[in-house]
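# Close look at the chain arrangement
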Amino acid sequence: MCKIVHGGNNGSFNGPIFHEFKKQASFFLKEKIKTTRLVLTDVTPAQLLTEEATNGNPEEPDADNLNTILTAAFEVDDYYRIVEILHKRLVRFVLGNWRASYKALIVLEHLLTHGPKRVADEFQCDVDVIREMESFQYIDDKGYNWGLSVRKKSERVLNLLEKGPFLKQERDKARKVTRGIQGSDNFCLETSSSEQEILQECNTNFKKQASFFIKETIKTARLALTDVTPAQLYVTL
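Residues numbered from 1 in each chain as written. Predicted model: local features only at pLDDT ≥ 70, side-chain atom pairs only at ≥ 80, totals over all residues. Heavy atoms only, no water.

With that settled, consider helix α8 (residues 146-161). Taking 1.5 Å of rise per residue, the 16 residues of α8 would be expected to cover 22 Å, and the 22 Å separating its terminal C-alpha atoms lies within 8% of that figure. Where α8 is concerned, the buried positions are W146, G147, S149, V150, R151, K153, S154, V157, L158, L160 and L161. N-cap assignment for α8: the residue whose side-chain oxygen lies 3.2 Å from the backbone N of G147 is N145. Among the residues trailing α8, K163 stands out with phi positive, at a value near 60°. (Helix = DSSP H or I, 4+ residues; strand = E, 2+ residues; numbered from the N terminus. Expected span 1.5 Å × (residues − 1). Buried < 20%, exposed > 50% of the residue type's maximum accessible area, 1.4 Å probe, protein only. Polar contact = N/O pair within 3.5 Å; in protein donor to acceptor, adjacent residues only side chain to side chain.)

Quick look at the nonpolar core now. Of all hydrophobic cores here, the largest spans 39 residues; its most connected members are I82, L108, L111, L112, F123 and I130. Listed by contribution, the elements that provide at least two residues to this core are α2 (45-53), α3 (63-72), α4 (76-90), α5 (98-114), α6 (119-122), α7 (127-132) and α8. Per-element tally for this core: the top contributor is α5, with nine residues. In this structure, F123 is in contact with V83, L86, H87, L90, L108 and L161, ignoring residues within four places of it in sequence. (Core = buried A, V, L, I, M, F, W, Y, C linked by side-chain atoms within 4.5 Å. Contact = heavy atoms within 4.5 Å.)

Now for the environment of I139. Mapped onto the fold, I139 is located in the loop between α7 and α8. Residue classification places I139 among the exposed residues on the basis of a relative accessible area of 54%. Here I139 is in contact with Y144 and N145, once residues within four sequence places are set aside.

Here the focus is the packing of α3 against α5. Relative to each other, α3 and α5 sit at 55°, their axes nearing to 10 Å. In terms of axis orientation, α3 runs oblique to α5. As α3 runs across α5, the sense of the crossing is right-handed. Here L66, N67, I69 and L70 of α3 lie close against α5, whose contacting residues are I106, V107, H110, L111 and H114. Of the residues that constitute the contact of α3 with α5, the class distribution is six nonpolar, three polar and no charged. (Axes fitted to C-alpha atoms, helices over the stretch in contact; angles between N-to-C directions. Parallel < 35°, antiparallel > 145°, perpendicular 65-115°, else oblique. Left-handed = near helix turned anticlockwise from the far one by under 90°. Nonpolar A, V, L, I, M, F, W, Y, C, P; charged D, E, K, R; others polar.)

Bringing the packing of α4 against α5 into the picture now. A pair of packed helices is captured by two measures, namely the crossing angle of their axes and the spacing between those axes. α5 packs onto α4 with a crossing angle of 140° between their chain directions and a minimal axis gap of 8 Å. Between α4 and α5, the angle falls in the class oblique. Of the two elements, α4 crosses α5, and the hand of that crossing is left-handed. Contacts between α4 and α5 involve I82, L86, R89 and L90 from the former and A100, S101, A104, L105, V107, L108 and L111 from the latter.

On to the confidence of the model for the protein chain, then. The pLDDT averaged across the protein chain works out to 77; a share of 58% of its residues lies at or above 70. Between residues 1-8, whose pLDDT stays under 50, and residues either more than four places distant or in other chains, the model counts eight contacts. (pLDDT = per-residue confidence, 0-100.)

For T50, the position within the fold is in helix α2. What T50 contacts, discounting residues up to four positions off in sequence, is I69, I82, I85 and L86.

Shown next, in the form of structure tokens:
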């Protein structure tokens, strides 16, 4: 007779394999939800990416995601979708969900220094809420002072929103840094006086990223909405 051995402590499913399975299942479920929204609603990839970049999870948005959002912000439709999400994250600073507002500041800072010039005008209505974040206090269980990080970021964004010499200086600095990067496929900043020219320079890389995203979306949609198996999908593609 076969003996069934349960993982984890006291016969419960608490082992590392089970936790890894839960993590993968959660990721797969989130991917299915994203795909369903892309297929059945008018949501755009940039909109989804902005939502993810400013959620309440501990992970901060990485450089690739920031630059994908940046490139999309030069398109009129995606620009309004992106700023609407940021406005929602900044509409009020809730202590129980402070990470969402903090991560919105990270995205906003990137757009202010690298993106369309109108961003500085767009977020004047959020100045009071951002100013509230300057007094935030919080140290986590590991001793990291998140309050200091939030205060520094909010102070910097407020200085940028003043639309004075500091904003111009930071945008010029970003442009010079980009000009010094040769052959980079992941960083598209302002390299000319025309935003249309900026968009054209970013367009090639954006198309590559969009093509990959569409292919992955199609694969996930087939898995979610048909009876195709991962093995069949691999063979057909």
